[in-house]
Amino acid sequence: MRKRLLLLSPLLFLPATALAAEPAPLPPAVRAMIEQAIAGGNQGDIDTVARIAQKTYPAAQAEIAAMVNAYDTQQAEAKKEKIEQAGIFQLWEGRGEVGGFRSTGSTSEIGISVGLNISRTGLHWSHTLSGSADYRRANGETSRQRFVASYQPRYQFDPSGFAYGLIQFERDPIIGFDSRYTGSAGIGYKLIHGKKVNLSVDAGPSVRHVEYIDGTGETKLGARSSLDFGWKLSDTLTFRQTASGYAENDVRSLIAQTSLTTRLVSRLSANFSYNVQYETQTRLTDERLDTLSKATLVYDF
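This report concerns the structure included in the present document. (Residues numbered from 1 in each chain as written. Predicted model: local features only at pLDDT ≥ 70, side-chain atom pairs only at ≥ 80, totals over all residues. Heavy atoms only, no water.)

## Section: the overall build of the protein
In step 1: The number of helices and strands found in the protein is 5 helices and 12 strands.
In step 2: What you see for the protein is a C-alpha radius of gyration of 28 Å, clearly larger than the 19 Å of a compact globule of 301 residues, by over 25%.
In step 3: Each principal axis of the C-alpha atoms in the protein carries an extent, and together these give about 105 × 50 × 45 Å.
In step 4: The proportion of buried residues among the 301 residues of the protein is 29%.
In step 5: Considering only contacts within the protein whose residues lie at least 6 apart along the sequence, 46% involve residues at least 24 apart.
In step 6: Approximately 18800 Å² of the protein is accessible, and the part contributed by carbon and sulfur atoms is 59%.
In step 7: Taking the 33 positively charged and 31 negatively charged side chains of the protein as two groups, their mean positions are separated by 7 Å. (Helix = DSSP H or I, 4+ residues; strand = E, 2+ residues; numbered from the N terminus. Rg over C-alpha atoms; globule rule 2.2 N^0.38 Å. Buried < 20%, exposed > 50% of the residue type's maximum accessible area, 1.4 Å probe, protein only. Contact = heavy atoms within 4.5 Å. Areas by Shrake-Rupley, 256 points an atom, 1.4 Å probe, with all protein chains shown as cover. Lys, Arg positive; Asp, Glu negative; His and termini not counted. Charge placed at Lys NZ, Arg CZ, Asp CG, Glu CD.)

## Remarks on the packing of helix α3 (residues 28-40) against helix α4 (residues 43-56)
In step 1: Interaxial distance between α3 and α4 falls to 8 Å at its minimum, and their mutual angle equals 165°. In terms of orientation, α3 lies roughly antiparallel with respect to α4. Two packed elements cross with a definite hand, and for α3 against α4 that hand is left-handed. On the side of α3, the interface is formed by V30, M33, I34, A37 and I38, while α4 contributes D45, I46, V49 and A53.
In step 2: For the contact of α3 with α4, the class distribution of residues is 8 nonpolar, no polar and 1 charged. (Axes fitted to C-alpha atoms, helices over the stretch in contact; angles between N-to-C directions. Parallel < 35°, antiparallel > 145°, perpendicular 65-115°, else oblique. Left-handed = near helix turned anticlockwise from the far one by under 90°. Nonpolar A, V, L, I, M, F, W, Y, C, P; charged D, E, K, R; others polar.)

## Details of the side chain of S259
In step 1: Along the polypeptide, S259 turns up in strand β10 (residues 252-263).
In step 2: Apart from residues lying up to four places away in sequence, S259 is in contact with T238, F239, R240, N271, F272 and S273.

## Observations regarding the packing of α3 against helix α5 (residues 61-85)
In step 1: Direction vectors running N to C along α3 and α5 enclose 20°, while the axes themselves pass 11 Å from each other. In terms of orientation, α3 lies roughly parallel with respect to α5. At the point where α3 passes α5, the crossing takes the right-handed sense. Contact residues: R31, I34, E35 and I38 in α3; E63, I64, M67 and Y71 in α5.
In step 2: Classifying every residue of the contact of α3 with α5 by side-chain character gives 5 nonpolar, no polar and 3 charged.

## Here's the deal with the pattern of salt bridges
In step 1: Tallied over the entire structure, the rule returns 19 salt bridges.
In step 2: A salt bridge links E170 to R180; the shortest N-O distance between them is 3.0 Å. Here the residue E170 occupies a position in strand β5 (residues 161-172), and R180 occupies one in strand β6 (residues 177-193), the gap between them amounting to 10 residues.
In step 3: Of the residues examined, R180 reaches a relative accessible area of 4% and is grouped as buried.
In step 4: R240 is the salt-bridge partner of D228, the closest N and O atoms lying 2.6 Å from each other. On the criterion of sequence distance, the pair formed by D228 in strand β8 (residues 217-232) and R240 in strand β9 (residues 237-248) is long-range, its members being 12 residues apart. (Salt bridge = Lys/Arg side-chain N within 4 Å of Asp/Glu carboxyl O.)

## Focus on the nonpolar core
In step 1: Judged by nonpolar contacts, the single largest core of 14 residues is most densely connected at L26, V30, I34, I38, I46, A53 and I64.
In step 2: Elements with a contribution of two residues or more to this core: α3, α4 and α5.
In step 3: When sequence neighbours within four positions are dropped, the list of residues in contact with V30 reads A53 and Y57. (Core = buried A, V, L, I, M, F, W, Y, C linked by side-chain atoms within 4.5 Å.)

Geometric descriptors of this kind do not, in isolation, establish any biological role.
What follows is the structure, given as structure tokens:
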């Protein structure tokens, strides 16, 4: 027992930090691999390499995280500088969408669907312009003829909260109106904001003016709300659910879209969507629930 005490006694006078194991340094080959991924600039590659390195060398997790954080900070500062110096006609991004079909024989049918969306995102303000057209005709009868165009500005007043505005035009003679103009403004909130999952909701008052196909028209005040959910299932596959609803004194409207987008090449994707449109009874039409399934090609620019 005395011999054990004599052997341990020198250790009693060492500082606690000397007794703790020094963290294992990151091997040069692994460091070079992380640096190469960062130099490539692909966020998916950086996250994958960093995650594997942290699992393989847990003692070097802080060092690996510091390398990735330094890159993220540099990218954020570069993006901020680019936005501050950009002109009003710069930083716009967009996507075009087109799909269609034709059948002959016992049933003669044609269908066309096109869409365009362009947006610009700044430090606080973002602007989105969008338009779409769906047309379907079977055996000489038009069963769908819908056109939509909208402009939506948004002001991000904190990381989660935002204020929005909306100006929208619709034409849908099948439902009974030549034109429907919508104006709305309100407040929204990002409930989930991550790299893979995003969920935001907004709500506010609205005003809609309708011109019916019989030449009459009316203007109504109401409320509007919308939901936007996106889930990046993988680097090439994205699920999205959007919906917007209007409530007025005696009219209700709901438009929802569920879509699955898979990337084919760098800028070209295939999109499969299921659209639902509900309209309560109007002075010209009965209550309607219309659905439309679409398969389109999408090009990002």
